[in-house]
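Descriptive structure summary
Chain by chain, the residues run as shown.
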Amino acid sequence: MFNNKQTNSMTLSAVFKPALLAAGMLGLAACGGGGGADDTVPAPTTATFGLQVSDAPVNDAAAVVVCFSAIELTGNGSATQKYLIGSDSVAAAPNNLCLNAQGNVIANSRGIDLLKLPGALAESLVTGATVPAGNYGQLRLVISEGSYIQLKDGSKKALSVPSNELKLLGPTLSAGGTFSYTLEFDLRKAVVNNKARQNYQLKPTGLRLVDTSQIGHLKGTVSETLLINNQCAVAPADKTKPVGVVYLYKGADLAPATLADYGGTQANLPYASAPVLFDGAASYNYEIGFIDAGTYTAAFSCNTVDDPELADVVTFLATKTQAITANKTPVLLNF
């Protein structure tokens, strides 16, 4: 959160909250022979993998553009499965969002503005990849130069990624299976602002890799009465300025005193969060996408500052327990 402070194919969508989640999935079909007694159907040795990206926004940014050049699966006892933007037919096409220091478009890169992928939205980077089945130790997203953050005041700041790679634990892909994963960027946790040097970094600590077949979504409203009664901001002229935040924690009926902010030390750390935004008329809305199925405690606070590297003052005004099931339709939870 800001404080003014690659034959193979895969589908990647970008936390980009669109549809990391709308990544296409390819099924595998096994075809038998003529039915003779000696005919056998070989056991499958591959799986189909898809990857998408989605995001949860941060407060002070108008755009968060991440420049991808390759997606890799490694550590399965075989060669790295690598998908290159602009080279592999199964990878997303390059675009012109990523520029070098001289202002020239960086070839074979695809820039994705994560802030355009809120909630259940996602963007695909690789579609329909056939890969050797097995247990992959790492999923790596290789980042080119050119990533940046544009702040609401119009200024642009470089967004760096340590070692130019985002590394996560990789998935297990069983033979014959079709798998679709979404990489959810929780930018409130993943983006760190070193104010003294005006340096923004994107770290993998705020990324979640989820099985798209096992996720749900959550959205709802916060009543204006709750806001007013607790001296929270209401009806801001800037509709992109949050009036509060809804945090999500794994587990049911968690006591507010046990709930931490992103840099906090309490027992329960946030699973995800989303800003509460005024619609310009009468509603205050939030949405959290790509949530692993399970039971959660949702908590609302009108404290909007949460530095992921510091323990900030976050007071929770209301908590509710909510079950999330694997479903494309969001669960409604209002405060």
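Computed from a prediction, not measured in an experiment: that's the story for all the values here.

**Some thoughts on the overall build of the protein chain**
Secondary structure assignment for the protein chain yields 2 helices and 22 strands. A buried classification covers 50% of the 335 residues belonging to the protein chain.

**Re the packing of aromatic side chains**
This model, assessed by the stated rule, comprises 8 aromatic pairs. Members of the aromatic cluster, joined through ring pairs, are Tyr247, Tyr249, Tyr262 and Phe316. Residue placement shows Lys156 over the ring face of Tyr148; its charged tip is 4.4 Å from the ring centre. Between Lys320 and the ring centre of Phe335, over which it is positioned, the NZ or CZ distance is 5.7 Å.

**A word on the side chain of Asn193**
If you trace the backbone, Asn193 turns up in strand S13 (residues 191-194). Judged by relative accessible area, Asn193 falls into the buried class, the value being 13%. Of note is the side chain of Asn193, whose polar atom sits 3.4 Å from the side chain of Tyr200.

**What to know about the nonpolar core**
Ranked by size, the top nonpolar core spans 43 residues in total, and within it Leu173, Phe185 and Leu202 carry the most contacts. Counting residues per element, this core draws most heavily on strand S2 (residues 61-74), at 6 residues. Grouped together as the second largest cluster of nonpolar side chains are 28 residues, Ala122, Val246, Ile288 and Ile291 included.

**Considering the sheet that holds strand S20 (residues 294-301)**
Pairing between sheet strands relies on hydrogen bonds along the backbone, with the strands arranged either parallel or antiparallel. Taking strand neighbours across the sheet as the criterion, the 7 strands line up as S21-S20-S17-S18-S19-S16-S22 in an open arrangement whose pairing is mixed. Every other strand in the sheet has two partners, leaving strand S21 (318-324) and strand S22 (331-332) as the edge strands with one partner each. Pairing analysis gives 2 bridges linking strand S16 (residues 215-221) to S22, with the strands arranged parallel. Its bridge partner lying in S22, Lys219 is registered against Leu332.

Conventions and cut-offs
Residues numbered from 1 in each chain as written. Predicted model: local features only at pLDDT ≥ 70, side-chain atom pairs only at ≥ 80, totals over all residues. Heavy atoms only, no water. Helix = DSSP H or I, 4+ residues; strand = E, 2+ residues; numbered from the N terminus. Buried < 20%, exposed > 50% of the residue type's maximum accessible area, 1.4 Å probe, protein only. Phe/Tyr/Trp six-rings, centres within 6.5 Å; stacked < 30°, edge-to-face > 60°. Lys NZ or Arg CZ within 6 Å of the ring centre and 35° of its normal. Polar contact = N/O pair within 3.5 Å; in protein donor to acceptor, adjacent residues only side chain to side chain. Core = buried A, V, L, I, M, F, W, Y, C linked by side-chain atoms within 4.5 Å. Pairing = 2+ DSSP bridges.

Just distances and angles here, no functional claims.
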